[in-house]
Amino acid sequence: MDVFPTQYSTLSSKALNIKLQKSYGLSDTTCRLLIRNVSDTYVIENATEKYIFKIYRDAHRKLEEIKGEVELLSILFEKGAKVANPIPDTDGEVLQVFNAAEGTRYGILFSWAQGSVVYAMNDQQLETVGREMAAIHNITSAIELYHHRQQYSIETVIVNPLRILESAFVELEDDFAYLKQAATEVIERFNQFDGSFSYGYCHFDFMPKNFHFNDAGDITFFDFDFVGKGLLAYDITSFFIHYFLEFTSGKISQQEARDAFGVFVDSYRKVRPLSNEEIAAIPYLGFGFWLFYFGFQCENFDDWSNLFWGPKFMKDRVALIKKWMETAHVLLP
């Protein structure tokens, strides 16, 4: 009997554990699915070792892009950046290949980021984030990867997401009209950015969920799945968005948000220049950030975002973007 076409399979944790034990020379490990999302993430561990194994979806990342992520992380790790690094198997291969139901899928074993997520960071932790993000940018602004990664441009963060979203807003015309109007204004501001903006490979999601602090205060960055080439101020912006969300949810005051972000900026500037123009551009870069991921969620409805996607989510997300456009500038130091 012919196998019916499959769009997105989930590999067995039990079978994956056996496969990885053989490939990496591991013993007495357990394997559990941590999250089924943009990619599938598993935790592999035994009494003394712990790793992350990530399996990519072909619909989301082609082989060339996966190789680009590996190439970048390998460079960062070799140059001393605080990142979770890809680990080769006993044959020296970084990529693991799986003949899944929907076709070929690729996986990578990563070192475990010691520690945990910290949302309410103290000044020392903020200084660490600023210093180490700047160190990463010093590297990513000075290299050109052999393997392709996507570009973050007006086309990819604003124009394409609007095109993707349009059909989903057929009964929410006023909300979509707002997005189009705001996009026009933001694009005008983008076109006014001068040549002083730093450019290179940016993480594009430098929020607290994507780095851990251990008990000694050391940091490890991870989840470079969306890394691409663009303005490095996008990373500054995504970190700032954390404080916007903390403020709008009532967890911190406006002054606390300004002070915390100010500590981060001061630390970053001790390692790498960050212009006042780049700081002032954060509200407009943030609109692109929000719209890019909004479009991504819409485009991936079938695979994972149908768990939350619907008219309420869409209206709430537009309301959040409106709040961002009205509020972001007053939180900047």
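Going by the structure above, here's the rest.
Since this is a predicted model, take the numbers as computed values, not measurements.

**Student:** Can you tell me about the pairing of strand β2 (residues 40–45), naming the residues and giving the values?
**Tutor:** Counting buried positions along β2 yields five of six residues, so the element is predominantly enclosed. Of the strand pairs in this sheet, strand β1 (residues 30–36) and β2 are connected by six bridges, and their pairing is antiparallel. Each residue of the ladder has a partner; that of T30, found in β2, is E45. Turn length for the β1-β2 hairpin, with the two strands adjacent in sequence and antiparallel, is three residues. As paired elements, β2 and strand β3 (residues 50–55) share six bridges and run antiparallel to each other. Residue pairing in the sheet places I44 in a bridge with Y51 of β3.

**Student:** Account for the pattern of salt bridges, with residues named and values stated.
**Tutor:** Within the structure shown, the criterion is met by 13 salt bridges. Between K54 and D225 there is a salt bridge; the shortest N-O distance is 3.9 Å. Of this pair, K54 sits in strand β3 while D225 sits in the loop between β9 (219–221) and β10 (228–231); the two residues are 171 residues apart in sequence, bridging distant segments of the chain. A residue is classified by how much of its surface remains accessible, and D225, at 1% relative accessible area, is buried. Here the salt bridges share partners, and the residues they tie into one network are D40, E102 and R105.

**Student:** Give a detailed account of the environment of F287, specifying residues and quantitative values.
**Tutor:** Relative to the helices and strands, F287 resides in helix α9 (residues 282–299). Sequence spacing of F287 and N99 is 188 residues, and the spatial spacing of their C-alpha atoms is 39 Å. Other than its neighbours up to four places away in sequence, F287 contacts I158, L179, A182, A183, V186, I321, W324 and M325.

**Student:** Got a sec to walk through α9? Specific residues and values, please.
**Tutor:** The first and last C-alpha atoms of α9 sit 25 Å apart over 18 residues, in line with the 26 Å expected at 1.5 Å per residue. Within α9, 17 of the 18 residues are buried, which leaves the element mostly enclosed by the surrounding structure.

**Student:** So what's going on with the packing of aromatic side chains? Residues and values would help.
**Tutor:** Per the stated rule, a full pass over the model turns up 36 aromatic pairs. Look at F204 and Y293: their rings are 5.8 Å apart centre to centre, the planes differ by 35°, and that puts the pair in the tilted class. A residue pair is termed long-range when its members are at least 10 positions apart, and F204 in the loop between β7 (199–202) and β8 (211–213) and Y293 in helix α9 qualify at 89 residues. Exposure remark for F204: the relative accessible area of 0% places this residue in the buried category. Classification of Y293 by relative accessible area gives buried; the value is 14%. Geometrically, the ring pair formed by F240 and F261 is edge-to-face, given 4.9 Å between the ring centres and 65° between the ring planes.

**Student:** With reference to specific residues and values, describe the packing of helix α3 (residues 123–140) against helix α6 (residues 233–248).
**Tutor:** With their axes 11 Å apart at the nearest point, α3 and α6 run at an angle of 160° to one another. Our classification of the angle between α3 and α6 gives roughly antiparallel. Read as a crossing pair, α3 and α6 show a hand that is right-handed. On the side of α3, the interface is formed by L126, V129, M133 and H137, while α6 contributes D235, I236, F239 and Y243. Among the residues making up the contact of α3 with α6, the classes are represented as six nonpolar, one polar and one charged.

Conventions adopted
- Residues numbered from 1 in each chain as written.
- Predicted model: local features only at pLDDT ≥ 70, side-chain atom pairs only at ≥ 80, totals over all residues.
- Heavy atoms only, no water.
- Buried < 20%, exposed > 50% of the residue type's maximum accessible area, 1.4 Å probe, protein only.
- Helix = DSSP H or I, 4+ residues; strand = E, 2+ residues; numbered from the N terminus.
- Pairing = 2+ DSSP bridges.
- Salt bridge = Lys/Arg side-chain N within 4 Å of Asp/Glu carboxyl O.
- Contact = heavy atoms within 4.5 Å.
- Expected span 1.5 Å × (residues − 1).
- Phe/Tyr/Trp six-rings, centres within 6.5 Å; stacked < 30°, edge-to-face > 60°.
- Axes fitted to C-alpha atoms, helices over the stretch in contact; angles between N-to-C directions.
- Parallel < 35°, antiparallel > 145°, perpendicular 65-115°, else oblique.
- Left-handed = near helix turned anticlockwise from the far one by under 90°.
- Nonpolar A, V, L, I, M, F, W, Y, C, P; charged D, E, K, R; others polar.

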